[in-house]
Every structure is written in structure tokens, then in C-alpha cells.
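Structure assessment
Given next are the chains, with one letter for each unit.
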Amino acid sequence: MRYVKKNKLTAFIVVIFVFLVFLGGYLYNIFFSSGRREAYGNRLDGIENVEITDKQYDELKKELKENDSVVEVTTNLQVKTVNIIITVKDEVTKDNAKKIGNTVLEYFDDDQLAFFDIQVFVKKDNEELNDFPIIGYKQNGNKSFSWTKDRQVTKNEDK
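Overview of the structure. Every value quoted in this text rests on a predicted model; they were computed, and no experiment measured them. (Residues numbered from 1 in each chain as written. Predicted model: local features only at pLDDT ≥ 70, side-chain atom pairs only at ≥ 80, totals over all residues. Heavy atoms only, no water.)

1. Notes on the sheet that holds strand β2 (residues 81-88)
Which entries qualify depends on this criterion: The pairing criterion is simple: DSSP has to find at least two bridges between the two strands. Only DSSP runs of H or I with at least four residues qualify as helices, and only runs of E with at least two residues qualify as strands; both kinds are numbered from the N terminus onward. We call two residues contacting when some pair of their heavy atoms lies within 4.5 Å. Angular values range over 0 to 180 degrees, each being the angle between N-to-C directions of two axes fitted as lines to C-alpha atoms, with helices fitted over their stretch in contact.
Read across the open sheet, the five strands follow the order β1-β2-β3-β4-β5; overall the sheet is mixed. Either end of the sheet is taken by a strand with one partner, and the two such strands are β1 (70-78) and β5 (146-147). Here strand β4 (residues 134-138) runs beside β5; their pairing, made up of two bridges, is antiparallel. By the bridge assignment for β5, Y137 is matched with S146. Sheet contacts for helix α3 (residues 54-65): β1 and β2; angle to β1, the most-contacted strand, approximately 160°.

2. Considering the side chain of T87
For T87, the position within the fold is in strand β2. Discounting chain neighbours no more than four positions away, the residues touching T87 are S69, V70, V71, E72, K123 and D125.

3. Some details on the environment of D90
Counting through the fold element by element, D90 comes out in the loop between β2 and α4 (94-102). Separated by 19 residues in sequence, D90 and V71 have C-alpha atoms that sit 9.9 Å apart. Beyond its immediate stretch of four places on either side in the chain, D90 contacts K124, D125, N126 and L129.

4. Overview of the environment of A114
Structurally, the position occupied by A114 is in helix α5 (residues 110-115). A114 sits 28 residues away from N142 along the chain, and the two C-alpha atoms are 7.5 Å apart.

5. So, the packing of aromatic side chains
Keep this limit in mind: Planes of paired rings set the category: under 30 degrees apart is stacked, over 60 is edge-to-face and the rest tilted, where pairs are Phe, Tyr or Trp rings (Trp by its six-membered ring) whose centres lie within 6.5 Å.
What the rule picks out here adds up to two aromatic pairs. Centroid distance F115 to F116: 5.1 Å. Interplanar angle 80°. Geometry classified as edge-to-face. Aromatic side chains F145 and W147 sit 5.6 Å apart centroid to centroid with 45° between the ring planes, which places their arrangement in the tilted category.

Set out below in C-alpha cells:
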């Protein structure tokens, strides 16, 4: 006790320092507590029950490429969204491209369609045909795609 009375300033600084450390820890937990949790929370619970197999992707690619209008098909799974990129020939109309995109749903079962969001990107290699790409999005649980607004081909007058 005598030591504390002699060194009041030092004891006061130590008490303030300990208080600030606890306060800093408390504030850190408030503002950065989510950093220790999973990034997607519980949104991915059950994904192992509806997993999309490589066989399904391969079948989708193979059968879509059998269509004369389709040049290339790539797939990508990001968290709960299946991205399918379909490159079509330049003479394909938007309506036919949407029909091709809608056939994608046939390759997934009902449980997978209820769990995953599906995006279909239909594009052309010719950049002068700027009415493409068109994008179809089907949210999990919905029955059909919502497609982007149809655009017309425009000319770039800057050249």
C-alpha cells in the first residue's frame, strides 16, 4: 500500500492502461466479430444433399454443343449460383438464344433448382452485334428465367 501511495501517477496510468485494453477488446468484438464466423453463415447448410455432379455438367455441355447454333459452353459454380456461359453463332436471334438458355433447367433436378440460383449468359463472338450478351437469371425456388431487356444493335459512331 505504501508503494501505491508513493507512485500514485504510475498506479493511475497502469489502471487507465488496463481499462483501455479491456475497452479496446470490447470494441473490437463489436465491430469485427464477424471476422471469426463463416463468410456465408448458414446459407450453405444442406448443399451436400443437392450437390451438382461433374456428370451433370458434362451432359449439359455435350447436349448443348450438339445444337448447331451453339459454339461453346462453360460452367462455373460460385457459392449458390450456377453460371452457364453459352456462346452462340452470329445468326442466332434473341428469341432462339432464350430458348437455348431455357433448356438448361432440364439438366437439374427439382431439389437442385430449389436450392441454387442459375444464371445463363448467352453471348456472340462478334462485337459489332452489341444486342448481346443477354442474361437469364432464375432465383432458387422460381420456375423460370427472368431475361434482360432486349436491346437493338447500335453503331459506334466514334470510329
